[in-house]
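Listed below are the residues making up each chain.
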Amino acid sequence: MTVRVYRDAWGVPHLRADGADELAYAQGRNAAADRAWQIEVERHRAQGTTASFLGAEAVSWDRFARRVRLEDTARRCMDTLEREDPGTAAWVRSYVDGVNDGLAEGAARAPEFAATGLAPGRWRPWTPLGVWLSAHILFAGFPAKLWRDAVARRLGPEWVGVFATDGPGTSGSNGWLVPPEHSTTGAAIVAGDPHRFIEAPGVYQQIRLACPEFDVVGLAVPGVPGIAHFGHAGPVAWAITNAMADYQDLYRERLRRTGPGGERVEALGPNGWRPAERHVETIEVAGGEPVTVEVIETERGPVIADGDEAAHWADPGSCVPGLPARDSAAPDAPDAMAPDVFGALALRHPPRVSADLGFGVLPALLRARSVADVDRALDGWVEPVNVVLAADTAGGTLHRVAGAVPVRHPDNRTRVVPAWEPRYAWRAWHGPMPRERVEGVAVMANQRGIAGPLGVEFAPPHRAERIRELLAERAVWSAKDMAAVHRDTLLASAAPLLDLLARTDPGELGPDARRLRERLLDWDRRMDADSAGAASFAAVRTATVRLLAKHPLLRPLADPPPAPEVFRPWLALVPRVGYALEHLLATDLLPLADRAGAVRAAVEEVAAGEAAVQGPPARWGDTHRLAPWQALPADPGEPWPSLAGDHDCVLATSSVPGVTDLSARASAARYVWDLARREDSAWVVPLGASGVPGDPHHRDQLSPWARCELVPVVTDWEKLAEEPAAPPVPSVPSAASDRGEK
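Residues numbered from 1 in each chain as written. Predicted model: local features only at pLDDT ≥ 70, side-chain atom pairs only at ≥ 80, totals over all residues. Heavy atoms only, no water.

K.L.:
Just give me the short version of the side chain of E42, but keep the residues and values in it.
P.N.:
Of note, E42 is situated in helix α1 (residues 20-47). Residue classification places E42 among the buried residues on the basis of a relative accessible area of 10%. Residues in contact with E42, not counting those within four places in the same chain, are V131, S134 and E199. (Helix = DSSP H or I, 4+ residues; strand = E, 2+ residues; numbered from the N terminus. Buried < 20%, exposed > 50% of the residue type's maximum accessible area, 1.4 Å probe, protein only. Contact = heavy atoms within 4.5 Å.)

K.L.:
Which residues make up the packing of helix α17 (residues 511-522) against helix α22 (residues 592-611), and what values go with them?
P.N.:
Axis separation between α17 and α22 bottoms out at 8 Å; the angle between their running directions is 105°. In terms of orientation, α17 lies roughly perpendicular with respect to α22. On α22, the residues that touch D512, A513, L516 and R519 of α17 are V603, E604, V606, A607, E610 and A611. Across the contact of α17 with α22, the residue classes break down as six nonpolar, no polar and four charged. (Axes fitted to C-alpha atoms, helices over the stretch in contact; angles between N-to-C directions. Parallel < 35°, antiparallel > 145°, perpendicular 65-115°, else oblique. Nonpolar A, V, L, I, M, F, W, Y, C, P; charged D, E, K, R; others polar.)

K.L.:
Kindly report on the pattern of salt bridges, identifying the contributing residues and their values.
P.N.:
Enumeration over the complete set of coordinates arrives at 51 salt bridges. For D306, the salt bridge goes to R67, with nearest N and O atoms at 3.3 Å. Of this pair, D306 sits in strand β13 (residues 303-306) while R67 sits in helix α3 (residues 59-68); the two residues are 239 residues apart in sequence, bridging distant segments of the chain. Neither D306 nor R67 differs from the other in exposure class; each is buried. Measuring nitrogen to oxygen at the nearest pair gives 2.8 Å for the salt bridge that ties R408 to D249. Taken as a pair, R408 in the loop between β17 (406-407) and α13 (410-414) and D249 in strand β9 (residues 249-258) lie far apart in primary sequence, 159 residues in all. Residues joined by salt bridges that share partners form a network here, namely R69, D72, R76, E277, E297 and R352. (Salt bridge = Lys/Arg side-chain N within 4 Å of Asp/Glu carboxyl O.)

K.L.:
Pulling in residues and values, what's your account of unusual backbone geometry?
P.N.:
The omega torsion across A200 and P201 is 5°, close enough to zero to call that bond cis. Within the chain, M244 stands out as a residue other than glycine whose phi angle is a positive 60°. Looking at where M244 falls in the secondary structure, it is placed in the loop between β8 (236-242) and β9. The class for M244 is buried, based on a relative accessible area of 9%. For A355, which is not glycine, the phi torsion reads 55° and is therefore positive. Using a relative accessible area of 16% as the deciding quantity, one classes A355 as buried.

K.L.:
Residues and numbers for the nonpolar core, please.
P.N.:
Core analysis: the biggest nonpolar cluster contains 186 residues, and F64 and F163 have the highest contact counts within it. At 10 residues, α1 tops the list of elements feeding residues into this core. Setting aside anything within four residues of it in sequence, one finds F163 in contact with W147, V151, L155, E457, L554, L557, R576, V577, A580 and L584. Grouped together as the second largest cluster of nonpolar side chains are 17 residues, W176, I467, V485 and V672 included. (Core = buried A, V, L, I, M, F, W, Y, C linked by side-chain atoms within 4.5 Å.)

K.L.:
Let's hear about helix α7 (residues 127-136): which residues, and what values?
P.N.:
Within α7, nine of the 10 residues are buried, leaving the element largely enclosed by the surrounding structure. Among the residues of α7, T127, P128, L129, G130, V131, W132, L133, S134 and H136 are the ones counted as buried. Among the structural elements, α1, α3, α4 (70-84), α5 (86-109), β4 (189-197) and α10 (350-354) are those in contact with the buried residues of α7.

K.L.:
Hey, could you go over helix α18 (residues 532-549) for me, with residue numbers and the actual values?
P.N.:
With 18 residues, α18 ought to run about 26 Å at 1.5 Å a step, and its terminal C-alpha atoms sit 26 Å apart, in line with that. The buried count for α18 comes to 15 of 18 residues, which makes it a mostly enclosed element. A side-chain oxygen of the first residue of α18 lies 3.3 Å from the backbone nitrogen of G533; this N-cap is S531. (Expected span 1.5 Å × (residues − 1). Polar contact = N/O pair within 3.5 Å; in protein donor to acceptor, adjacent residues only side chain to side chain.)

K.L.:
Could you give an account of the side chain of H624, naming the residues involved and the relevant values?
P.N.:
Tracing the chain through its elements places H624 in the loop between α23 (620-623) and β21 (654-656). In this structure the side chain of H624 is engaged in a polar contact, spanning 3.3 Å, whose partner is the backbone oxygen of G645. In terms of polar contacts, H624 uses its side chain to reach the backbone carbonyl oxygen of D661, at 2.7 Å. Leave out the neighbours within four places in its chain, and H624 touches P641, S642, L643, A644, G645, T653, S654, S655, D661 and S663.

K.L.:
How would you summarise the sheet that holds strand β16 (residues 397-402) if you had to cite specific residues and measurements?
P.N.:
Taken together, nine strands build an open sheet; the order of strands is β16-β15-β8-β7-β6-β5-β2-β1-β26 and the sheet is mixed. The sheet is open, and its two borders are formed by β16 and β26 (721-722), each paired with just one other strand. Where strand β7 (residues 230-232) lies against β8, two bridges are found, and the strand directions are antiparallel. Looking at β8, one finds that H232 is bridged to A237. Against the sheet, α1 makes contact with β1 (3-7), β2 (13-17), β5 (205-211) and β6 (214-220), and its axis sits at roughly 155° relative to β5, the strand it touches most. (Pairing = 2+ DSSP bridges.)

K.L.:
Go over the packing of α17 against α18, please, and point to the residues and values.
P.N.:
Packed helices, taken two at a time, are described by their axes: the angle between them and the distance between them. Packing of α17 against α18 leaves a shortest axis separation of 10 Å and a crossing angle of 115°. When the axes of α17 and α18 are compared, the crossing they make is left-handed. Contact residues: L516, R519 and L520 in α17; A532, G533, S536, F537 and V540 in α18. Here the residues of the contact of α17 with α18 are counted per class, giving five nonpolar, two polar and one charged. (Left-handed = near helix turned anticlockwise from the far one by under 90°.)

K.L.:
Tell me about the confidence of the model for the protein chain, residues and numbers included.
P.N.:
The predicted model of the protein chain averages 92 in pLDDT, with 93% of residues at 70 or higher. Ignoring residues within four places in sequence, the model shows residues 316-335, a span with pLDDT below 50, making 45 contacts including any to other chains. Contacts for the low-pLDDT stretch residues 729-742, under 50 throughout, to residues beyond four places or in other chains number 23 contacts. (pLDDT = per-residue confidence, 0-100.)

K.L.:
Pulling in residues and values, what's your account of the pairing of strand β23 (residues 670-674)?
P.N.:
Extensive coverage of β23 is indicated by the burial of five of its five residues. Inspection of the sheet shows β4 paired to β23 by four bridges, in the antiparallel sense. Paired with V190 across the strands is W673, a residue of β23. As judged from the three bridges shared by β23 and strand β24 (residues 682-684), these two strands associate in the antiparallel manner.

Structure, rendered in structure tokens:
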């Protein structure tokens, strides 16, 4: 096997091999060399074993991963791949071989292993599938159904829509396609940026994969072979955003224990009481006592909460006026739960049901030469459900949804439904997936659009509308022009707050508040890092959110119902008010006087605080700084850059209004794919190509990323530096012996 590794000036790996399987091996080995700590953390997350070296704070995730059966689902999906697509299965195993052969060497470079006492482990053939599942199991935000259910029960169903917005747990993206007729070169441009929680190291890895069959540059997920979401294969390029589709269901279960000591469990389904799978697992905790987890799976899916954590949603006597009846009894269902019956919540999601994760798409995308090839490949995609844009050098374009969405009762989409009601069962799969012709510029930004029939909650339209507005400002665009779209900071969602402020009688305000009012009404509504107006607006927004969260009408939501810790971000009132502020300031469900009063009081509060501060006025970037997630606690003095942008800007650097101005979610990468000349493409990631602290390329892209600049995609092999040859590798993937391993 011949594998050659090259690097560009930014340390981006360019891998060459004699064939696709050898290249997968090289990609796996490179992931182990550059991202050993990161991919080992991801492997443990998929297994539910992170607490064994990260301690008690990681138990909540491990408990969820065990309950939802992430690793078992990955194994099932790999079994399906082995049976139905042995070529792709061998390709995945080759990747795993590369990881296993390079992991010890990579771990020796990563100081985190010594700091935690973690020894590099062994990857199994299904581990990449588990890494993918772990990264995306919460991507569709199924816990939002718990929030909607709580809002409907406590405030009434008419309030649910008021809080319908891109909530704290979902992930979004921007993407746009400039067709050939609007390009300076006569060839299409595909550009955008995925918005995810920023992690250190980054969730996307810039990479090039080349062999006689294909030569693709793109953004890979460390721990997963291929280039799933964003790639440029030369004659064709593709990109995705989250479709915001609803494809995961929560069922309210009634369970009862049977047998000696209650070691067996039964679940009430449409056909009466049926056996459920049940076993107990142990979570090892560094520095603490082991934690036992009861793992239960009904015919609907794995139980993710039971007992007190599920009591709020499992209560059969709680029915919301205006919503369909929740608990029409099955033939042998009691009117109320008997003493030996307890409630639970079960999750049903496509990979668990079909034992298919759609990994056959990954090598097919690498081999794509046209939008027709991309389109055909994506027919097999499963999760997450995405909106796709693609273009090729022949002038072809593609705009479609890809993924698996079940056909079921409309109530399943919006709330927790009773497991024993047959009408809530899954019936089929949606198909064919929606698609549109590309006529003019195509934009995808998580808005209600092409994927509308498949979802419930979508992102506000501001980002999509602003991208269209920007791209309409000139007739033709070049790839270099795209950075101007990426960095736009106009905040359209500021309008409701500023409109209420404009209607406020200045005579009702003190002198400092009157001056602040005038400054905000003159502000250009741009969330630039050096803008004092943006800082003042953000401060008034925060104060308004906190005041509204204390409103008597919203007070029933102040104490969230008990739930697993992983779901608590979806159930916290202040963040929910912050993300829904635009709706809350416009809804008639809150009296106008109270909405205007909250804004008026917020302006007075902020004006008084600003007047008491000596020196120059605060700028937005003073408090709006990057705050990435790291598996190990960050150095408190570690400097992270100031950021422009905000949640609803095209430059989407999300804070949590009412909670913090720090930004944990932003562009996990930016890319521009030029179909005329691939070497004129560009990209950037938040940190760098290397996950190894101290490496020259560990964080060398942080500054250009923070300035919303891009670095070049290099395609000329002569401009790359070749690394010394790696140690000899086996010609036959060693993981083949793991093919049947459980």
